[in-house]
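Tertiary structure, described
Each chain is listed here by its residues.
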Amino acid sequence: QVQLVESGGDLVQAGGSLRLSCAASGRTFSRYAMGWFRQALGNKREFVAAISSSGIRTNYADSVKGRFTISRDNAKNTVYLQMNSLKPEDTAVYYCAADGYGSRVSSQVNVYDYWGQGTQVTVSS
């Protein structure tokens with residue numbers, strides 16, 4: 001089992017930057033692909049970015065390409081989401097998730113096995 005804890009959410013002005021972190025428990029973190037998703041009030045949870053277990057493969061939603069970067073440090077059991085040029089429409093609760101199929105970088109919610117509790121990101125205009 002993997003437990004995930006997100007941090008780094010905050011209130012930021014449009015155009016600003018934030019870095020989210022997701023710390024994972026357990027010694028098997030390096031076997032999992034990791035994803036970031038977000039859910040705005042009243043909306044469905046949507047894909048943001050994913051990274052394979054080795055960190056070689058990544059996948060991004062079109063809405064964040066060129067602005068967000070996903071990375072991981074397997075020695076620290078942590079995955080990151082660097083968010084630049086933030087827009088008000090990026091406002092949401094951000095969740096990290098773990099997929100036991102390590103080479104996959106899926107955008108589908110239902111393939112992820114474990115989820116964190118979320119961290120709030122608010123971008124003011």
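These figures come from a predicted structure and were not determined experimentally.

1. Concerning the nonpolar core
Grouped together as the largest cluster of nonpolar side chains are 36 residues, with contacts concentrated most on Met34, Trp36, Leu81, Met83 and Tyr94. Mapped by element, the contributors of at least two residues to this core are strand S3 (18-24), strand S4 (33-39), strand S5 (46-51), strand S7 (68-73), strand S8 (78-83), strand S9 (92-99) and strand S11 (119-124). The residues touching methionine 34, leaving out its near neighbours within four places in the chain, are Leu4, Cys22, Phe29, Ala49, Ala50, Ile51, Ile70, Arg72, Val79, Ala97, Ala98 and Tyr112.

2. Some thoughts on the state of the cysteines
Enumeration according to the criterion identifies 1 disulfide in this entry. What pairs with cysteine 22 in a disulfide is cysteine 96, and their sulfur atoms sit 1.9 Å apart. The sign of the S-S torsion, about 50°, decides the handedness of the disulfide formed by cysteine 22 and cysteine 96: right-handed. Separated by 74 residues along the polypeptide, cysteine 22 in strand S3 and cysteine 96 in strand S9 bring together distant segments of the chain. The exposure class of cysteine 22 is buried, given its relative accessible area of 0%.

3. Digging into the sheet that holds S7
Sheet strands line up and pair through hydrogen bonds in the backbone, either parallel or antiparallel. Strand order in the open sheet formed by 4 strands is S1-S3-S8-S7, and the pairing between neighbours is antiparallel. Looking at strand neighbours, the two that pair on one side only are strand S1 (4-7) and S7, the edges of this open sheet. When the angles between neighbouring strand axes are averaged without regard to direction, this sheet yields 15°. Bridge analysis of S1 against S3 gives 4 bridges, and the strand direction is antiparallel.

4. Quick look at the pattern of salt bridges
Evaluation of the coordinates by the stated rule reveals 5 salt bridges. Aspartate 90 is the partner of arginine 38 in a salt bridge, and the nearest nitrogen-oxygen pair spans 2.9 Å. Within this pair, whereas arginine 38 is found in strand S4, its partner aspartate 90 is found in the loop between S8 and S9, the two being separated by 52 residues in sequence. According to the relative accessible area criterion, arginine 38 is buried, its value standing at 6%. Under the relative-accessibility criterion, aspartate 90 is labelled buried at 0%. Bridged by salt links that share partners, the residues Arg38, Glu46, Arg67 and Asp90 form one connected network.

5. A look at the packing of aromatic side chains
Applying the stated criterion across every chain, the model contains 5 aromatic pairs. Each ring, one from phenylalanine 37 and one from tryptophan 115, has its centre 5.1 Å from the other, and the planes form 55°; the classification is tilted. Of this pair, phenylalanine 37 sits in strand S4 while tryptophan 115 sits in strand S10 (residues 114-115); the two residues are 78 residues apart in sequence, bridging distant segments of the chain. We classify tryptophan 115 as partly exposed; its relative accessible area is 27%.

The rules behind these values
Residues numbered from 1 in each chain as written. Predicted model: local features only at pLDDT ≥ 70, side-chain atom pairs only at ≥ 80, totals over all residues. Heavy atoms only, no water. Core = buried A, V, L, I, M, F, W, Y, C linked by side-chain atoms within 4.5 Å. Buried < 20%, exposed > 50% of the residue type's maximum accessible area, 1.4 Å probe, protein only. Helix = DSSP H or I, 4+ residues; strand = E, 2+ residues; numbered from the N terminus. Contact = heavy atoms within 4.5 Å. Disulfide = S-S within 2.5 Å. Pairing = 2+ DSSP bridges. Axes fitted to C-alpha atoms, helices over the stretch in contact; angles between N-to-C directions. Salt bridge = Lys/Arg side-chain N within 4 Å of Asp/Glu carboxyl O. Phe/Tyr/Trp six-rings, centres within 6.5 Å; stacked < 30°, edge-to-face > 60°.

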